[in-house]
Amino acid sequence: MRTQRAWQTSAMSPRSRSPSAGHLRLAALRVPLVALLVLLAVAAMVQRATYLVALERTVAALHDAASHRLDAAAAELAAPMARFEYLPALLETTPAVMQLLASPDDAALRADANRALTRINAVAGANMVFVLAPSGLALAAADWTHPDSPVGHVYDYRPYVRDALASGRGRFFGVGATSRKSGYYLSYALKGTQGTIGVAAVKIDLDPAEQAWSTQPGEVVVTDARGVAILSTRADWKFRGMRALGDAERAEVAAERSYAPDVAPLPWEWIDTARGSGRRLRIDAREHLLTTRPLAAFGWEMHAVDALEPAQASARTTAWIASLSASVALLLAMAAWQSRRAAMHKLAAQAALQAAHDTLERRVAERTAQLTELNASLAAEVETRKAVEHNL
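Residues numbered from 1 in each chain as written. Predicted model: local features only at pLDDT ≥ 70, side-chain atom pairs only at ≥ 80, totals over all residues. Heavy atoms only, no water.

### Topic: helix 5 (residues 95-102)
Those residues of helix 5 that fall on the buried side of the exposure criterion are Ala96, Val97, Met98, Leu100 and Leu101. Buried positions along helix 5 lie against helix 6 (107-124), strand 1 (128-132), strand 2 (138-141), strand 4 (182-192) and strand 5 (195-204). (Buried < 20%, exposed > 50% of the residue type's maximum accessible area, 1.4 Å probe, protein only. Helix = DSSP H or I, 4+ residues; strand = E, 2+ residues; numbered from the N terminus. Contact = heavy atoms within 4.5 Å.)

Here it is as structure tokens:
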């Protein structure tokens, strides 16, 4: 029986009911581990959210900057157009030109007209100034001595000739038939007493505008109504299309001879399918932003192409800073919580110790009172016995 009681006492002892040292260590590690996981999760969420917000803002800032750059580029493009707008009509007041158109077979009048156009263009500074008969035959030009002069060639297929004869004025962008150099053509119908007797044409060189654009960040591309890049700061993009041309468009290009009808696509991979400004695309395996500005006067569109890598790098830096800041703030909060928890535990331990002390003192006082009362009772009993014995 004594052995069985000893075994039961041992089995019921506090030591047997307490957890093992391994469980205590695991419990001690669980709280810091959970805190670390929470810290990592919060840091990752803050980093991701900050990156998306920062990227959106930097891309918006890039888009705004590109829009302003396109406004300046459009002004640079419009300046030479406005500068030479008057020139074709001016030839209507040039006697040598009007006399040649009245007698197109007169060699002497052709020579006078050539010299007059040379003097005019020496002041004006256009790429080329020339006059054509209603048939489209170029009769005289400022560069009549050059081997690639238009004199003697027929341009009745060019829209600027047909439009001038039909409505009085014409505009056209295309590659020169003899010079093989692209330019913008302005034309004006020259009137005689019997109606239209010829067409005055001016060719404007737009290379200076392209060169000015190339000094700015990013790339600039101008596309015509067919989506073909007619101007570009990157030479390998010129006369390549944003889309495939249809059969009717290829036939039109071949008839006008504005450029080669077999237009290769631009090496652009669209990321955003929606049309409009602010589209993202991939060029040479790198993401870019396409900002678009319409050029309504010409029926064209001007595009700014900017790499997104700087914006993405800036957004990543901002996200890392925000993530580190959030981690530090969370660590400080955890440290403050741990410090407060330790202080509360200390206060609780002190309160428990004080309560135990008070309980002990109370019990001692109670026991002392019991002992005093017992002693008094014993003393009274002794006195009673003594009195009884004395009486006996």
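Still more to cover.
### Here we look at the nonpolar core
Judged by nonpolar contacts, the single largest core of 50 residues is most densely connected at Leu77, Trp213 and Met302. In terms of nonpolar packing, the next biggest core, distinct from the first, is built from 14 residues, Phe130, Leu132, Ala138 and Val199 among them. (Core = buried A, V, L, I, M, F, W, Y, C linked by side-chain atoms within 4.5 Å.)

### Notes on helix 7 (residues 159-167)
For helix 7, the complete set of buried residues consists of Pro159, Tyr160, Val161 and Ala164. Contacts made by the buried residues of helix 7 are with strand 1, strand 3 (169-175), strand 4, strand 5 and helix 9 (247-256). Looking one or two residues beyond helix 7, the residue adopting positive phi is Gly168, at roughly 100°.

### Quick look at the side chain of Thr233
Checked against the element boundaries, Thr233 lands in the loop between strand 7 (229-232) and helix 9. Within the structure, the side chain of Thr233 is placed 2.4 Å from the side chain of Glu219, a separation counted as a polar contact. Aside from chain neighbours lying at most four places away, what touches Thr233 is Glu210, Trp213, Ser214, Glu219 and Val220. (Polar contact = N/O pair within 3.5 Å; in protein donor to acceptor, adjacent residues only side chain to side chain.)

### A short note on unusual backbone geometry
In the Ramachandran plot, Phe239 falls in the positive-phi region, its phi being about 60° despite a non-glycine side chain. Following the sequence through the fold, Phe239 ends up in the loop between strand 7 and helix 9. Here the phi dihedral of Ala285 falls at roughly 65°; this positive angle occurs in a residue that is not glycine. Inspection of the secondary structure assignment puts Ala285 in the loop between strand 9 (279-283) and strand 10 (286-295). By relative accessible area, which is 71% here, Ala285 ends up exposed.

### Considering the sheet that holds strand 6 (residues 219-223)
Spatially, 7-6-11-10-9-8 is the arrangement adopted by the six strands of the open sheet, whose pairing is antiparallel. In the strand order of this sheet, the two ends are held by strand 7 and strand 8 (269-270), each with one partner. As paired strands, strand 10 and strand 11 (residues 300-307) are joined by eight bridges and run antiparallel to one another. Opposite Leu289, over in strand 11, you have Asp306 as the bridge partner. (Pairing = 2+ DSSP bridges.)

### Overview of the layout of surface pockets
Considered as a void within the structure, the largest pocket measures approximately 290 Å³ in volume. Together, 15 residues line the largest pocket, and Phe172, Phe173, Asp224, Phe298 and Trp300 are the ones closest to its centre. The leading source of residues in the lining of the largest pocket is strand 3, at three residues. The class makeup of the residues in the lining of the largest pocket is nine nonpolar, two polar and four charged. (1 Å grid on protein atoms, 1.4 Å probe; cavity = no way out; pocket = protein on both sides within 12 Å on 5 of 7 lines; lining within 4 Å. Points joined across faces, edges and corners; volume = space filled by probe spheres on them. Nonpolar A, V, L, I, M, F, W, Y, C, P; charged D, E, K, R; others polar.)

### A closer look at the packing of aromatic side chains
Taken as a whole and judged by the stated rule, the model has 13 aromatic pairs. Where Tyr160 meets Phe172, the ring centres are 6.2 Å apart and the plane angle is 35°; that geometry is what we call tilted. With Tyr160 in helix 7 and Phe172 in strand 3, this pair connects stretches of sequence that are 12 residues apart. Given the relative accessible area of 6%, Phe172 is considered buried. Taken together, Phe130, Tyr155, Tyr157, Tyr160, Phe172 and Tyr185 form an aromatic cluster joined through their ring pairs. (Phe/Tyr/Trp six-rings, centres within 6.5 Å; stacked < 30°, edge-to-face > 60°.)

### Some remarks on the sheet that holds strand 3
As summarised here, the arrangement of the five strands in space is 2-1-5-4-3, forming an open sheet in which the pairing is antiparallel. Looking at strand neighbours, the two that pair on one side only are strand 2 and strand 3, the edges of this open sheet. In this sheet, adjacent strand axes meet at a mean angle of 25° when their direction is disregarded. Sheet topology places strand 3 next to strand 4; seven bridges connect them, and they run antiparallel. Across the sheet, Gly170 pairs through a bridge with Ser187, a residue of strand 4. Sheet strands in contact with helix 7 are strand 1, strand 3, strand 4 and strand 5, and its direction is about 175° off that of strand 3. (Axes fitted to C-alpha atoms, helices over the stretch in contact; angles between N-to-C directions.)

### Considerations on empty space enclosed by the protein
Scanning the entire structure with this criterion turns up one cavity of 30 Å³ or more. Of the pockets and cavities examined, the largest cavity occupies roughly 70 Å³. As for the largest cavity, its lining consists of Met128, Phe130, Pro150, Tyr155, Arg158, Tyr160, Gly176, Ala177, Thr178, Ser179 and Tyr185. Looking at the lining of the largest cavity residue by residue, the classes come out as seven nonpolar, three polar and one charged.

### Regarding the pairing of strand 2
Looking at chain direction, strand 1 and strand 2 are connected through three bridges and run antiparallel. Bridging across to strand 2, Leu132 finds its partner in Ala138. Counted along the chain from strand 1 to the antiparallel partner strand 2, the turn is five residues long, and its residue Gly136 has a positive phi close to 95°.

### With respect to the pairing of strand 6
On a regular strand, one side chain projects to one face of the sheet and the next to the other, so that they alternate. With respect to burial, strand 6 is a largely interior element, four of its five residues being buried. Bridge analysis of strand 6 against strand 11 gives five bridges, and the strand direction is antiparallel. Note on strand 11: the bridge partner recorded for Glu219 is Val305. Pairing of strand 6 with strand 7 involves three bridges; the strand directions are antiparallel. What sits directly across from Val221, in strand 7, is Ser232.

Fair warning: the whole summary comes from geometry, so function is off the table for now.
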